[in-house]
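# Examining the three-dimensional arrangement
Chain by chain, the residues:
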Amino acid sequence: MKFISILTHPVLIFPILTYIYFDWESTFSFFAVLTMSFIVPFLYFLYLYKSKQISNFDISERKQRYKVYYATLIGLIITGIYLNQFSTPEIFQDYLKLLLIAITLVIVNFKVKVSIHVALITIFCISLFQDFNIHYAIFLLIPLVAYSRTKLKRHKLLEVVLGTIIPALFSI
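First, a word on scope: everything that follows refers to the structure included in this document.

What counts and how
- Residues numbered from 1 in each chain as written.
- Predicted model: local features only at pLDDT ≥ 70, side-chain atom pairs only at ≥ 80, totals over all residues.
- Heavy atoms only, no water.
- Axes fitted to C-alpha atoms, helices over the stretch in contact; angles between N-to-C directions.
- Helix = DSSP H or I, 4+ residues; strand = E, 2+ residues; numbered from the N terminus.
- Parallel < 35°, antiparallel > 145°, perpendicular 65-115°, else oblique.
- Left-handed = near helix turned anticlockwise from the far one by under 90°.
- Contact = heavy atoms within 4.5 Å.
- Nonpolar A, V, L, I, M, F, W, Y, C, P; charged D, E, K, R; others polar.
- Core = buried A, V, L, I, M, F, W, Y, C linked by side-chain atoms within 4.5 Å.
- Buried < 20%, exposed > 50% of the residue type's maximum accessible area, 1.4 Å probe, protein only.

The next subject is the packing of helix 4 (residues 65-86) against helix 5 (residues 89-109). The interhelical angle for the contact between helix 4 and helix 5, taken along N-to-C directions, is 165 degrees, at an axis separation of 10 Å. Between helix 4 and helix 5, the angle is such that the two are roughly antiparallel. You can see that helix 4 and helix 5 cross each other, and the crossing is left-handed. Of the residues in helix 5, those touching helix 4 at Arg-65, Tyr-66, Tyr-69, Leu-73, Leu-76, Ile-77, Thr-79, Gly-80, Leu-83 and Asn-84 are Ile-91, Phe-92, Tyr-95, Leu-99, Ala-102, Ile-103, Val-106 and Asn-109. Per-class residue counts for the contact of helix 4 with helix 5 are 13 nonpolar, four polar and one charged.

Below, the structure written as structure tokens:
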């Protein structure tokens, strides 16, 4: 179960998701978006981890997640401004959907520690299914990741269910 959790860690899934979710016209745009929405917030995460402001790599304690969420939201908003100026309306529209998912996850995380592993794997599966006509069996990854997160005692059932439902609602 730990292997599944590591393999589907947001640090690994987010860059892949960024690449497959959008129809990239230029390599520069891909790296600009990846830098603003992922690399800079991830470096801030590493700083918080090294300075002991975060107790573990999974940020198990919900209250410790806020600084990372705020930095990520700022990066995502800057990315949205960039995409609004330099991308197609379709890419920007798809991006707004992801931004709304992220904002919703942050808001819900004030009350319940939603599984970001499950949320990202849900977006990943929906994207592969909708955009690339991947077989519906891809959706078996969602309960597998959810089970691994609960088995490792990183999340409760409600937290993994919310990690599935929130992105799914925005993808309809």
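Among the secondary structure elements, Leu-169 is positioned in helix 8 (residues 157-171). Remark: the alpha-carbon pair of Leu-169 and Ile-101, spanning 68 residues in sequence, is separated by 9.0 Å.

We now examine the nonpolar core. In terms of nonpolar packing, the biggest core is built from 42 residues, with Leu-76, Leu-105, Leu-120 and Ile-121 touching the most fellow members. Residue assignment for this core shows that the elements contributing at least two residues are helix 2 (10-21), helix 3 (27-50), helix 4, helix 5, helix 6 (116-132), helix 7 (141-151) and helix 8. The residues touching Leu-76, leaving out its near neighbours within four places in the chain, are Phe-14, Met-36, Ser-37, Tyr-95, Leu-99 and Ala-102. Counting residues in each nonpolar core, the second largest holds five residues, with Phe-45, Leu-48, Ile-54 and Val-68 among its members.

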